[in-house]
Amino acid sequence: MEALKHRPRYGNPIPWKDTYRKRCFERLKNSRSRLLERYRQAGESDGGRKGSMVEEIMQEEWSALQSSEVGLATPWSHVGIDLFGAVQQDDELVVLQEIQQELLAEELAILEDYHKNLQFEEQSLNALVEGMEDSGFVICPVCFANNLTVTSHFISCSCGLYVNTLGRQVGAEALRALLEQQVTQHADTQCSYNPVFSMVTNMDGSSSLVASCGACDYLFVVL
């Protein structure tokens, strides 16, 4: 009898729940880059609420599910414009609200991970600049873990960074100045984020060291 007390109102399982939930989570995962872009554009003062994609994803995935399953009713059709404004008694709406809360939690986890990465990049960048100032070594701007090997022919790091500098006369001092210049030059754009250094492969097979920022579209070839 206890089990009967906790059975859903209609006494039937929600057949579309698992499929719909899976589609929504996959969509959110695949939309990570767009979510972060919207979050940056909306600003961080509201905690990311203006940049949230959860309601949009739920509506679009429900429409797609309706198209693939003929006769599937719309659980929130009678709610009007405010799809999630009030707790409903209907089993299907309760399920939707549960999925919504799970998606919001996952979205928040994505944003928290993004902030952790930003903090790590800022700390690493500060360590890079301080390390160059305090020693004669040049810390790798890609991995921040090793000192670069700088010769008259190339610069390299055990993390995989390798740039041919033959004929360019780029020694440790010149490289240090180039890296510091990029940090300063990007800061002058008034962008609140940090540039990221990475190695890219050119069309001719050679490699280049570039500084870039996804927030302001800054891009500069260092070497």
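Residues numbered from 1 in each chain as written. Predicted model: local features only at pLDDT ≥ 70, side-chain atom pairs only at ≥ 80, totals over all residues. Heavy atoms only, no water.

**Student:** Give a detailed account of the overall build of the chain, specifying residues and quantitative values.
**Tutor:** Scanning the chain from terminus to terminus reveals 6 helices and 6 strands. Reading the helices (α) and strands (β) of the chain from amino to carboxyl end gives α-α-α-α-α-β-β-β-α-β-β-β. Across the 223 residues of the chain, 33% fall into the buried class. In the chain, the share of contacts with a sequence separation of at least 24, taken over all contacts with a separation of at least 6, comes to 50%. When the accessible surface of the chain is totalled, it reaches about 13,400 Å², and 51% of it is carbon and sulfur. (Helix = DSSP H or I, 4+ residues; strand = E, 2+ residues; numbered from the N terminus. Buried < 20%, exposed > 50% of the residue type's maximum accessible area, 1.4 Å probe, protein only. Contact = heavy atoms within 4.5 Å. Areas by Shrake-Rupley, 256 points an atom, 1.4 Å probe, with all protein chains shown as cover.)

**Student:** Which residues make up the packing of aromatic side chains, and what values go with them?
**Tutor:** Counting across every chain of the model gives 2 aromatic pairs. Where Tyr20 meets Trp62, the ring centres are 5.3 Å apart and the plane angle is 85°; that geometry is what we call edge-to-face. Taken together, the residues span a long stretch of sequence, with Tyr20 in helix α2 (residues 17–30) and Trp62 in helix α4 (residues 54–68) at a distance of 42 residues. When the ring of Phe154 is compared with that of Tyr162, the centres are 5.3 Å apart and the planes differ by 25°; the resulting orientation is stacked. (Phe/Tyr/Trp six-rings, centres within 6.5 Å; stacked < 30°, edge-to-face > 60°.)

**Student:** I'd like a description of the pattern of salt bridges, backed by residues and values.
**Tutor:** For side chains bearing opposite charge, pairing can occur when the charged atoms are close. One pass over the structure, following the stated rule, counts 9 salt bridges. Taking the shortest distance from any N to any O, the salt bridge between Arg21 and Glu102 comes out at 2.6 Å. With a gap of 81 residues between them, Arg21 in helix α2 and Glu102 in helix α5 (residues 91–134) connect regions that are remote in the sequence. In this structure, the salt-bridge partner of Asp113 is Arg32, at a minimum N-O distance of 3.8 Å. In this pair, Asp113 sits in helix α5 while Arg32 sits in helix α3 (residues 32–42), placing the two residues 81 residues apart along the sequence. Look at Asp113 and you get partly exposed, because its relative accessible area is 38%. A network of salt bridges, in which partner residues are shared, links Arg23, Arg27, Glu60 and Glu61. (Salt bridge = Lys/Arg side-chain N within 4 Å of Asp/Glu carboxyl O.)

**Student:** Tell me about the nonpolar core, and name the residues and values.
**Tutor:** If you look at the biggest cluster of nonpolar residues, it comprises 42 residues, and the most contacted ones within it are Tyr20, Met58, Leu175, Leu209 and Leu223. Elements with a minimum of two residues in this core: α2, α3, α4, α5, α6 (172–187) and β5 (207–213). At 9 residues, α5 tops the list of elements feeding residues into this core. (Core = buried A, V, L, I, M, F, W, Y, C linked by side-chain atoms within 4.5 Å.)

**Student:** Which residues make up the sheet that holds strand β1 (residues 149–150), and what are the values?
**Tutor:** Hydrogen bonding along the main chain pairs the strands of a sheet, whether they run parallel or antiparallel. Judged by pairing direction, the sheet is antiparallel, and its 3 strands sit side by side in the order β1-β2-β3 without closing on themselves. Each of the sheet's edge strands pairs with one partner strand only, and the pair in question is β1 and β3 (162–164). Inspection of the sheet shows β1 paired to strand β2 (residues 154–156) by 2 bridges, in the antiparallel sense. Residue pairing for β2: Thr149 is matched across the bridge by Ser156. (Pairing = 2+ DSSP bridges.)

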